[in-house]
Amino acid sequence: MTKATKILALLGREVDYSYSPLIHNTACRILGLPYHYTVFNIPEPDLIQDALRGARALGIAGFNVTIPYKKAVVPFLDELSLEASSIKAVNTIVNEKGKLTGHNTDIAGFAQPLLPYRESITGKTVSIFGFGGAALAAIEAFKRFFTPKEIFVYVRDPEKACFLLEECGYDNGTPVTIISQKSLEKIRECRVIVNATPIGTKDRNGDNKKSIIPLDRGLIDSGQIVYDMVYNPIDTPLLQVAQHAGATTISGIEMLIGQAERSFTLWTNMPMPVTAVKEALLQEIQQ
């Protein structure tokens, strides 16, 4: 007799486009682990508590959490890791005999592809577009792994973002300046530009034709690093313009694999076969 299959899943809304099932099911198949990863689309935040209650009852082994529920799940968990507690946002949940623990692997996953540029980021200004869970992870990553002079955070609603920043208990070790998305000129002085919004995602309300930064204003130059957390498609409109300007570009694929690797180990206590998983992912995207 074989062991019962354990279920892992992605919690989000309208996220059928995600490559997370491919990543984790490939890793489990290679290692011969009895897990299956799927997607659960939750239409409304009000259903999150019921979904997690069901997870306890059904013994679902763990979740990734994505747009727009990384903060919404927090009140319904039993415990948070230090990383998740630092920004009050969760992207990974581990279910251990009904006890749900929230983790945040986005922080280290975001930092990983930027580490080779650490020296050039030190003392420079960086910028982030968005203020959801992914943006909070990027802020924390800059704080933990890099020493930028200042972090510009571009948002649609500066007043709301300032309130959320205070709510997170940010300690101002690295100054954070909240700026309206209408005031883009200051990104010219930024060493790193990060898109932490879903703008540019394929098959999402036509977003794949859009860029968080207007493409016709010459705001990006060759001395910058442009990091788009969107991973589908690999070459988003933002990255295409950055490449044309001669900037260094980082695709969301790098963060996707980085955070997935850490989530996988939390669930299975085994290292992910990253090289084989990345090869399968890129092959799927190319097809």
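Residues numbered from 1 in each chain as written. Predicted model: local features only at pLDDT ≥ 70, side-chain atom pairs only at ≥ 80, totals over all residues. Heavy atoms only, no water.

### Comments concerning the sheet that holds strand 1 (residues 6-12)
- Read across the sheet, 6 strands follow the order 2-1-3-5-6-4 without closing on themselves; strand pairing throughout is mixed. Where the open sheet ends on each side, the last strands, each with one partner, are strand 2 (35-41) and strand 4 (79-80).
- As paired elements, strand 5 (residues 92-96) and strand 6 (residues 99-103) share 5 bridges and run antiparallel to each other. Bridge pairing in strand 6 links Asn95 to Leu100.
- Its contacts with the sheet put helix 1 (residues 20-31) on strand 2 and strand 3 (62-65), and the angle it makes with strand 2 is roughly 170 degrees. (Pairing = 2+ DSSP bridges. Helix = DSSP H or I, 4+ residues; strand = E, 2+ residues; numbered from the N terminus. Contact = heavy atoms within 4.5 Å. Axes fitted to C-alpha atoms, helices over the stretch in contact; angles between N-to-C directions.)

### Topic: the packing of helix 1 against helix 10 (residues 274-286)
- Running from amino to carboxyl end, helix 1 crosses helix 10 at an angle of 135 degrees, the nearest separation of the two axes being 9 Å. In terms of orientation, helix 1 lies oblique with respect to helix 10. Handedness of the crossing formed by helix 1 with helix 10: right-handed. Contacts between helix 1 and helix 10 involve Leu22, Ile23, Thr26, Ala27 and Ile30 from the first element and Ala276, Val277, Ala280, Leu281 and Glu284 from the second.
- Classifying every residue of the contact of helix 1 with helix 10 gives 8 nonpolar, 1 polar and 1 charged. (Parallel < 35°, antiparallel > 145°, perpendicular 65-115°, else oblique. Left-handed = near helix turned anticlockwise from the far one by under 90°. Nonpolar A, V, L, I, M, F, W, Y, C, P; charged D, E, K, R; others polar.)

### Observations regarding the packing of aromatic side chains
- Applying the stated rule across the entire model yields 7 aromatic pairs.
- Between the aromatic rings of Phe110 and Tyr227, the centroid separation amounts to 4.6 Å while the plane-to-plane angle is 10 degrees, which identifies the pairing as stacked. Taken together, the residues Phe110 in helix 4 (residues 106-111) and Tyr227 in strand 11 (residues 225-228) connect sequence positions 117 residues apart.
- Grouping aromatic residues by their ring pairs yields a cluster made of Phe110, Phe142, Phe146 and Tyr227. (Phe/Tyr/Trp six-rings, centres within 6.5 Å; stacked < 30°, edge-to-face > 60°.)

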